[in-house]
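# What the coordinates show
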Amino acid sequence: MQAYLDAIQDGASGADIAALPVPTSYRAATVHKDEVGMFEGVASSEKDPRKSLHVEEVATPELAPDEVYVALMASSINFNTVWTSIFEPLPTFGFLSRLGRESTYAARHDLPYHVIGSDGAGVVVGVGAAVRSWKPGDRVVIHCNSVDDQDPTAHDDSMLAANQRIWGFETNFGGLADLTVVKANQLMPKPAHLTWEESAVNALCSSTSYRMLVSRNGAGMKQGDVVLIWGATGGIGGYAVQYVLNGGGIPVGVVSSPERAQLLRDMGCEAVIDRAANGYRFWKDEHTQDEAEWRRLGKDIRGLVGVDPDIVFEHPGRSTMGASVFVAKRGGLIMTCAATSGYMIEYDNRHLWMKLKTIKASHFANYSEAWAANQLLSQGRIQPLLSETHPLDDVGEAALAVHQNRTEGKVGVLCLAPEKGLGIDDPARREEIGEDTITLYQRHAAGGASPGGGA
Ligand code: NDP
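About the criteria used
- Residues numbered from 1 in each chain as written.
- Predicted model: local features only at pLDDT ≥ 70, side-chain atom pairs only at ≥ 80, totals over all residues.
- Heavy atoms only, no water.
- Pairing = 2+ DSSP bridges.
- Helix = DSSP H or I, 4+ residues; strand = E, 2+ residues; numbered from the N terminus.
- Axes fitted to C-alpha atoms, helices over the stretch in contact; angles between N-to-C directions.
- Contact = heavy atoms within 4.5 Å.
- Buried < 20%, exposed > 50% of the residue type's maximum accessible area, 1.4 Å probe, protein only.
- Arc of directions from axis to C-beta.
- Near = heavy atom within 4 Å.
- Polar contact = N/O pair within 3.5 Å; in protein donor to acceptor, adjacent residues only side chain to side chain.
- Areas by Shrake-Rupley, 256 points an atom, 1.4 Å probe, with all protein chains shown as cover.
- Nonpolar A, V, L, I, M, F, W, Y, C, P; charged D, E, K, R; others polar.
- Salt bridge = Lys/Arg side-chain N within 4 Å of Asp/Glu carboxyl O.

### Quick look at the sheet that holds strand E2 (residues 54–59)
- Taken in spatial order, the three strands make up an open sheet running E2-E1-E4, and their pairing is antiparallel. In this open sheet, the two edge strands, each paired with only one partner strand, are E2 and strand E4 (113–115). Here the strands of the sheet are splayed against their neighbours by 60 degrees on average, with no regard to which way each runs.
- Pairing geometry for strand E1 (residues 25–32) and E2, over six bridges, is antiparallel. Looking across to E2, one finds that arginine 27 is bridged to glutamate 57.
- Strands E1 and E4 of the sheet are contacted by helix H5 (residues 93–100), whose axis makes an angle of about 90 degrees with E4.

See the structure below:
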């Protein structure tokens, strides 16, 4: 891999990069099949990714004709990194063995280890014989929607494909590694004004929020819409705030500390709710929700923006869904893509049907949506939410921090990149967009964001 790194840093030509021998093994973050029972009897919050995640050499898989090798400079921690590493809600090895039965090439994925990670930025170093749009030397980011283009169900909206999978979660050879194998139709151009680690953290979360809010497959948000956003400085929430602001909507951001409330204001979100300070108790006990508390949240939202939300950006799941359904306006939309706090959801259906509300599900994004989200990043209209960066060897520590809700925005991981700050190809564009605007979350994490100044 060192030869790839040297070539990338020396600005070697695509032909020179293509001529380098593909290494027989590479460094990767993995979980092991024979360890899936290691947390039996341990409470979810106590399951420690540092125990289950390994960083080790793994064999380089063969390349299928429609695939590319990408030398990864950086990657990111996603919440699915946490799910995989604590083996919840299911160990991911079941996904790999099901995939393995599909074809000869698919069989490569069914291994006793799982290379995880669903984001990446790097350089194409090899292409299969059927690849037309990309070549060695291309600087790329990778989106995580892995679909089989020979499947007819993949050709209206590929997220509806019967065999749609999330790369590095439901497939092997993920992005928390020095090398990856992905389908050519997962590639997108790297935003030229961003560093490797700033480029690597966006595709999964930003595309998810784009589909949920902007795409006609999601809410199709319009100007003036009020959008309640849970976890508004988190991975998907922080992009959601930006999409709402860009689209002329009014975000109401919910966070859990004064620091996060300040960060939201620095992003330009004026209506902010600190759920910890307000002490909402939507559940009286494990089995009973408290409508008075839903009502209190609704009142707080009206106090800030005068009306009930047109759209609720919902992902905490069991903790908040009852409240989300309640506070949405008559005819409003609850967009859900996750259930961090529990997937067996309860809400009062009377509030849904009597007020003609809709619950709509979303999951990642199709290629066209991911591409559109990436374009907005490249244009500087959406900012990367990188807050901190860890070396690949510390992947367990980084996943633990996300698991414990200790981080804002996105956590980057350096793979081949030897240090932070590399990979900017268009410094003039960066200056035009503004260093402070691009690095708001990084400055905030370092304690350096000036109050009131931001994106
Ligand atoms: P993060 O950890 O970055 O952010 C989530 C935020 O949600 C937290 O920062 C926290 O903010 C808030 N939150 C967590 N628990 C609760 C709770 N019980 N009640 C209210 N708020 C809560 O995660 P991501 O944004 O990356 O992901 C969020 C969820 O979405 C995860 O479950 C993830 O797996 C899922 N996801 C799904 C995708 C899909 O395609 N379907 C794609 C991406 C993510 P605060 O404490 O400040 O309120």
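### Quick look at the sheet that holds strand E13 (residues 271–274)
- Read from one edge to the other, the open sheet built from six strands follows the order E13-E12-E11-E16-E17-E18, with strand pairing classed as parallel. Looking at strand neighbours, the two that pair on one side only are E13 and strand E18 (358–361), the edges of this open sheet. Across the sheet, the axes of successive neighbouring strands diverge by a mean angle of 20 degrees, strand direction being ignored.
- The strands that helix H11 (residues 291–305) touches are strand E11 (226–229), strand E12 (250–255) and E13; relative to E13, the one it contacts most, it runs at about 150 degrees.

### Examining the pairing of strand E6 (residues 139–142)
- With four bridges connecting them, strand E5 (residues 120–127) and E6 associate as antiparallel partners. Considered in E6, the bridge of valine 123 is made with arginine 139.
- Note: E6 against strand E10 (residues 187–189), three bridges, orientation antiparallel. Counterpart to valine 141 in the pairing with E10 is methionine 188.

### What to know about H5
- Taken residue by residue, H5 has Phe93, Phe95, Leu96, Leu99 and Gly100 as its buried positions. Considered in projection along H5, the buried side chains sweep an arc of 155 degrees and stay on one side of the axis.
- Taken together, the buried residues of H5 touch E1, E4 and strand E8 (165–166).

### Some remarks on the site of the ligand
- Residues in contact with the ligand amount to 25 residues; listed here are only the nearest, Gly235, Ser256, Arg275, Thr340 and Phe364.
- Between serine 256 and the ligand, the recorded distance is 2.6 Å, taken from a side-chain N or O atom to an oxygen atom.
- Residue asparagine 405 places a side-chain N or O atom 2.9 Å away from an oxygen atom belonging to the ligand.
- Here the ligand has 910 Å² of accessible area as a free molecule, and 89% of this is covered by the chains.
- The leading source of residues in the shell around the ligand is helix H7 (residues 203–213), at three residues.
- Grouping the amino acids of the shell around the ligand by side-chain chemistry returns ten nonpolar, 13 polar and two charged.

### Notes on the pattern of salt bridges
- With the rule as written, the count across this model stands at 24 salt bridges.
- Ionic pairing is found between arginine 27 and aspartate 178, a salt bridge with its closest N-O pair at 3.0 Å. Here the residue arginine 27 occupies a position in strand E1, and aspartate 178 occupies one in the loop between E8 and strand E9 (179–183), the gap between them amounting to 151 residues.
- Looking at aspartate 178, the relative accessible area reads 6%, which means it is buried.
- In this structure, the salt-bridge partner of aspartate 425 is lysine 190, at a minimum N-O distance of 3.8 Å. Residue aspartate 425 is located in the loop between strand E20 (410–414) and helix H16 (427–433), and its partner lysine 190 is located in the loop between E10 and helix H6 (196–200); the two are separated by 235 residues in the primary sequence.
- Residue class for lysine 190 comes out buried when judged on its relative accessible area of 7%.
- Linked by salt bridges that have partners in common, Arg27, Asp178 and Asp393 make up one network.

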